[in-house]
Amino acid sequence: MSLGSLQQMAMLAVARLGDEAFAKVVQEEVEAATGRELAVSTVYVTLVRLEDQGLVTSETTPPDPLRGGRGKRFFRLTPAGWSELRHTREVMARLWDGVEPA
Amino acid sequence: MSRSTVAFRLLRRLLPGPMGDEAIDALAERYRARRLRSGPMRASAWLWLQVAHPDTVRLSRLLRRRYRRDLESLTVPAHGRFGALGWHARTGMRGLVRRPGLTASIVVTLALGIGANTAVFSVIDGVLLEPLPFPDGEQLAYVWGVTEGDDTELLSGPQAAEVMASEAFEAATMIFGYVGTSMVRDATPEPLLTLTVQHRFFDVLGVAPLLGRGFVAGDEFKLTNEQMRDPDFVRPVGAMVLRYGAWIDRFGGDPSVLGQIVEVSGHRQQIVGVMPPGFRAHLPAELGETEPEDVWIMSPFDQPSFPRDTRFVRAIGRVPEGRDLSSVQDELDRVSAWQRATFGEDARDDFHLRVTWLQSETGSTARGPLALLLTAVGFVLLIACANVATLLLVRASEREEELGVRRALGASRAQLALLALSESVLVATLGGMLGIALAPALTTLLVDLAPAELPRLDMVGVDRSVLAFTALVTLSVAFVTGSLPALRSAVAAPPGAGARLSGSRRERRTGSVLVGIEVTLAVVLVTGTGLLLRSLGNTFSVDPGFRTADVFVWEANLTTPSHPTWPSRAQYFREVQERMLTEPGVRAVGVMTPAPLTGVERSEVRVGMGEDASTVLADFRRTGPGAIEALGIDLREGRTLTWTDLEDFDRLYAVVDERFARRAWPTESALGQVISMERREYGAGSEIYDEWKRIEVVGVVESIRGRDVREDDLPTVYVSYAQNMWGRPVFVTHSDVPLPSSVVRQHAAVVDARPLITDVASLDTIAMARLGALRFALTLVGAFAGLGLLLASTGVYGVLSYAVGRRERELNIRAALGADGARLSWEVVRSALAITASGLLVGWLAAGLLTRFIRTLLFDVSPLDPLTYLGVGVALLTVAGSAAWLPARRAWRRDPGGGPAVTQGSRPTGSIRPVASSIVKSRLSPSM
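Residues numbered from 1 in each chain as written. Chains lettered and ligands numbered in written order. Predicted model: local features only at pLDDT ≥ 70, side-chain atom pairs only at ≥ 80, totals over all residues.

## Here we look at the overall build of chain A
Summing up its helical and strand segments, chain A has four helices and two strands in all. Secondary structure elements of chain A occur, N-terminal to C-terminal, as α-α-α-β-β-α. The proportion of buried residues among the 102 residues of chain A is 28%. (Helix = DSSP H or I, 4+ residues; strand = E, 2+ residues; numbered from the N terminus. Buried ≥ 20, exposed ≤ 12 C-beta atoms within 10 Å, placed from the backbone.)

## Things to note about the overall build of chain B
Counting secondary structure elements, chain B contains 28 helices and 24 strands. The burial tally for chain B puts 44% of its 928 residues in the buried class. Put simply, of all contacts in chain B between residues at least 6 apart along the chain, 84% involve residues at least 24 apart. (Contact = placed C-beta atoms within 7 Å.)

## Some details on the environment of Val462(B)
Residue and element names in this part refer to chain B. Among the secondary structure elements, Val462 is positioned in the loop between helix 16 (413-449) and helix 17 (464-490). Of the residues examined, Val462 has 20 C-beta atoms within 10 Å and is grouped as buried. Here the alpha-carbon distance between Val462 and Ala439, two residues 23 residues apart in the chain, equals 7.5 Å.

## Some details on the pairing of strand 10 (residues 295-298) of chain B
Residues and elements named next belong to chain B. Every second residue of strand 10 is oriented toward a common face, with Val295 and Ile297 on one face and Trp296 and Met298 on the other, all of them buried. In terms of strand pairing, strand 5 (residues 188-197) meets strand 10 through four bridges, oriented parallel. By the bridge assignment for strand 10, Thr196 is matched with Ile297. Sheet topology places strand 7 (residues 238-242) next to strand 10; three bridges connect them, and they run antiparallel. Looking across to strand 10, one finds that Met240 is bridged to Ile297. (Pairing = 2+ DSSP bridges.)

## Notes on unusual backbone geometry
Residues and elements named next belong to chain B. The amide bond that connects Thr593 to the next residue, Pro594, takes the cis arrangement and shows omega of -10°. Structurally, Pro594 is set in the loop between strand 14 (586-593) and strand 15 (602-607). We note that Asp136 has phi near 50°; this positive angle belongs to a residue other than glycine. Considering the arrangement of structural elements, one finds Asp136 in the loop between helix 6 (100-129) and strand 1 (140-147). Located in the positive-phi region is Asp550, a residue other than glycine, with phi close to 65°. With respect to the secondary-structure elements, Asp550 resides in the loop between helix 18 (505-540) and strand 13 (551-557).

## Let's talk about the nonpolar core
Residues and elements named next belong to chain B. Counting 104 residues, the largest nonpolar core has Leu110, Ala376, Val380 and Ala522 as the members making the most contacts within it. Among the secondary structure elements, those contributing two or more residues to this core are helix 6, helix 14 (364-398), helix 16, helix 17, helix 18, helix 25 (772-816), helix 26 (821-850) and helix 27 (866-893). Top element by residues in this core is helix 14. It accounts for 19 residues. Not counting residues up to four positions away in its chain, the partners in contact with Leu110 are Ala384, Val388, Val427, Ala428, Gly431, Gly435 and Val477. (Core = buried A, V, L, I, M, F, W, Y, C linked by C-beta atoms within 7 Å.)

## Thoughts on the interface of chain A and chain B
Of the residues lining the interface, 15 residues belong to chain A; the matching set on chain B comes to 17 residues. A per-class count over the side of chain A that touches chain B returns six nonpolar, five polar and four charged. (Nonpolar A, V, L, I, M, F, W, Y, C, P; charged D, E, K, R; others polar.)

## Here's the deal with helix 11 (residues 325-342) of chain B
Residues and elements named next belong to chain B. The terminal C-alpha atoms of helix 11 lie 25 Å apart, and with 18 residues this matches the ideal 26 Å at 1.5 Å per residue to within 8%. Along helix 11, the residues that are buried comprise Val328, Leu332, Ser336 and Gln339. The buried residues of helix 11 occupy an angular sector of 70° when the element is viewed end-on, so they sit on one face. Exposed residues pointing more than 90 degrees away from the buried face of helix 11 are listed as Ser326, Asp330 and Ala341. The inward-facing, buried residues of helix 11 contact strand 1, helix 7 (157-165), helix 12 (344-348) and strand 12 (352-357). (Expected span 1.5 Å × (residues − 1). Arc of directions from axis to C-beta.)

## What to know about the packing of helix 3 (residues 40-52) of chain A against helix 2 (residues 17-38) of chain B
Two elements in contact, helix 3 of chain A and helix 2 of chain B, have axes separated by 10 Å at closest approach and are oriented at 155°. The angle between helix 3 of chain A and helix 2 of chain B falls in the class roughly antiparallel. Note that helix 3 of chain A runs across helix 2 of chain B; the crossing there is right-handed. Each of Val40(A), Ser41(A), Tyr44(A) and Val48(A) in helix 3 of chain A lies in contact with helix 2 of chain B, whose residues at this interface are Met19(B), Ala23(B), Ala26(B), Leu27(B) and Arg30(B). Of the residues in the contact of helix 3 of chain A with helix 2 of chain B, the class split is seven nonpolar, one polar and one charged. (Axes fitted to C-alpha atoms, helices over the stretch in contact; angles between N-to-C directions. Parallel < 35°, antiparallel > 145°, perpendicular 65-115°, else oblique. Left-handed = near helix turned anticlockwise from the far one by under 90°.)

## A short note on the environment of Trp692(B)
Summarising the element assignment, Trp692(B) is placed in strand 20 (residues 688-701). Beyond its immediate sequence surroundings of up to four residues, Trp692(B) is in contact with Arg606(B), Ser676(B) and Glu678(B).

## Considerations on the packing of helix 6 of chain B against helix 17 of chain B
Residues and elements named next belong to chain B. At a minimum axis distance of 9 Å, the contact between helix 6 and helix 17 shows a crossing angle of 145°. Considering only the axes of helix 6 and helix 17, their crossing is right-handed. Across the interface between the two elements, Leu110, Ile114, Asn117, Thr118, Phe121, Ser122 and Asp125 from helix 6 touch Ser465, Val466, Phe469, Thr470, Val473, Thr474 and Val477 from helix 17. Per-class residue counts for the contact of helix 6 with helix 17 are seven nonpolar, six polar and one charged.

## Details of helix 7 of chain B
Among the nine residues that make up helix 7 of chain B, eight are buried, leaving the element largely enclosed by the rest of the structure. For helix 7 of chain B, the set of buried residues is Gly157(B), Pro158(B), Gln159(B), Ala160(B), Ala161(B), Glu162(B), Val163(B) and Met164(B).

## Topic: the confidence of the model for chain B
Residue and element names in this part refer to chain B. Averaged over all residues, the pLDDT of chain B equals 82, while 89% of them reach at least 70. The least confident element of chain B is helix 28 (residues 912-924), whose mean pLDDT is 37; the most confident is helix 20 (residues 627-630), at 95. Scored below 50 in pLDDT, residues 895-928 shows 49 contacts in the model against residues more than four places distant or in partner chains. (pLDDT = per-residue confidence, 0-100.)

## Considering the environment of Leu38(A)
Residue and element names in this part refer to chain A. Here Leu38 lies in the loop between helix 2 (23-34) and helix 3. C-beta crowding within 10 Å serves as the criterion here: with 19 such atoms nearby, Leu38 is assigned to the partly exposed category. Along the backbone, Leu38 and Glu28 are 10 residues apart, and their C-alpha atoms lie at a distance of 8.9 Å. Among all residues touching Leu38, those that are not within four sequence positions of it are Gln27, Val30, Glu31 and Val43.

So this is what it looks like as structure tokens:
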């Protein structure tokens, strides 16, 4: 499996945010890092796919009256997600090795 | 409607489920910020760009797929739809897999209950229900008689012949009984069990020989009494048929045995046939043989000419197809009415013929112990069911929220009940399968433990009818254990009803009732065991009045040809005894037939001579010198028998016991008194008559319990062996050192090598073996009671730990507010004791009613023995108290500030619940 760049960015954001990795914050984190605005659906498609692949998992906090009785969903990397991320970094590092960007 | 509202409506349709809601919330937030920044027109355009974004379409697809999946797992398929069964099985299985510990304990509990029931049923099936292994075996009937006072009797030769000649049966035959004797081949005697029959025997049973032929009328011959007693008379050769097993074991399966002549009981017998494998006579257990006979031979006597009141014959008849037993009985009633009208002997004791199916008669002795066993094992299964129902109830209340969601999604109450039932069907099926896997081992264990009285044990096995029984039991278990949880599930409240501090009152009440039932059942089982245990203890502490330790018995098979006269028999006894006394350690030896614990013979004894003398029904033991001393029976008056007493065949002497002496001569000494007993005399031809012989009393000994240590014998007469010299003498030996069979055989062979000497048995061993039925019942009922007690205590523990779990928050808060821990524990323990006590009361009542049925097994203890009942009560209250103490202690000791989700009731059981709640809310809440 090879991760797309958006997937990598989303996973790294989830990893960095820890307990605060809500979809909205993940989107802001990626947008801040890339300096580009993303469609909301793009972030959700990425996270839903990662969840379906077992690389991240999501849980909902208890119902919050301030949110109309809904809980907040936050994401977390699974062990498989961590190892995939590490693997991608190693592949990238090997490929970058000896390459000097102009 | 504004354009942005239309966009959001569209998005709501496109993005279902909780994740969709979140995405729309995120979009709405960004939309609001943009609108403030850039105005409604630009914001609206941005929103529509978002709607039209390719990733929105992708997300829609992903979320729809996910939503469909979640919904499928929660909605119950409609009735009758194909696959609904599979759905229930899958959902049920998922539910079980999610709680592996609970599932495993339920399955193991049920497997033990179902396995034990299967094993007991396989024994019942083999011993009582399987048809006799003869062609149309269910058409075979067994004929016996009853006399005045409903005493069962056998038939006399003439009576049996009249039954055979009647129209009651299609065909009928006489059976004369088993004789354990010896067969001599190559000058070596070997033990042989013969069954003496009449020539129609194999025809009536409907089985043809494997090799050679069965009996024919020409095989029968009739000897005169003179010929029978004459040692020089050369008897014609008799016909003998071998059982297949005996043919294989003793003759190596050699087909050339046909025509061979062997010596059986000193007479020549020619082997004329071999029966097919598995064939043996399955005769009623009262005939006293559980081992299969080795051979069949024919009686050399002219049975129909025997006296009418000498009854030792059985008759078996084949009832014509379509004729019922009552019409056969009617026919036999006509025969016995004629017999009573015609013959004084039959009229005197009001003799009546009785008929029953051979199969039911064969299993008659087994019915009692097996019924007891089935009851005990049934109780265990009921306890197991109550236990499992409690566990499933716990599970049903844990799933309350999930069930509520399903209910909100449109599942009917019936569907929810079915869902709960599908789980119990699944666990019952798993338990049943494991039970069947356990059954063969349990069955083998049962057969090994079974007392020798149980007939047809060789037919016991796990077969199709046993499997059908197990399937039925499994289904019943599924229904019994599933119905309460199903009802509980059907009334599941919709979600959001709010967390409760502790479980509902109804829930706790149902749990308590189930535990009460378990305790009740356990009380009955444990009480039964306690009573049996006390009986066994009492049996061991009885003094039977004779010595069983260091006393050894064996039999010598003296045959008529080798010892045809009284002097030669008496001489044999004397020489063997004298030789035995030279053996180191042997202190006394004598002949007594039957010896205590090896059998009983009864007779009417006249006090005095002549028909006017009063009679006493007495046990009698034919005795030689030394036997009373070897048994250590105390002499009260006079002397015991001497060799001089045995010298004269016609002058008989006897020693009586105190009970006889008191009954016969309440006011005077028994010494020198005269009694008379019948002795069989043989005429010159084939006629036989019984003559009253005069017997002089020379001594009085203490009374013993020689038949069964649990009850008094009848008044007993130890009469000189010469009273009836025939049969196999039993040697009774008191020896300080164990007496090996080889030593006895060595001494006996010096005197005469021909008689077969049986193995030496100690009276202690025989006494233990005679307790077989009691020990069998005790071992199994005890084991089942132990299992029942264990299950009941885990039930108490389970229900209380759940109840305490539900109350944990309450207990924590109370503990935090300063309530005394010990007091809180006591509160929980007290409620357990209250449940147990009510179960105990009902259990005591039930035990009082049910233990009456084991009265025959009890000895010296009442079925209502207060000590046993009290002991059981204390034991159960202790067990229940301890089972409650553990969860109670755990509850208040836990930190009350231990974070959220401390109670079992509100602990999430999986990720499905938040999802479910959100789905429901998204469906129920009005659109934004």
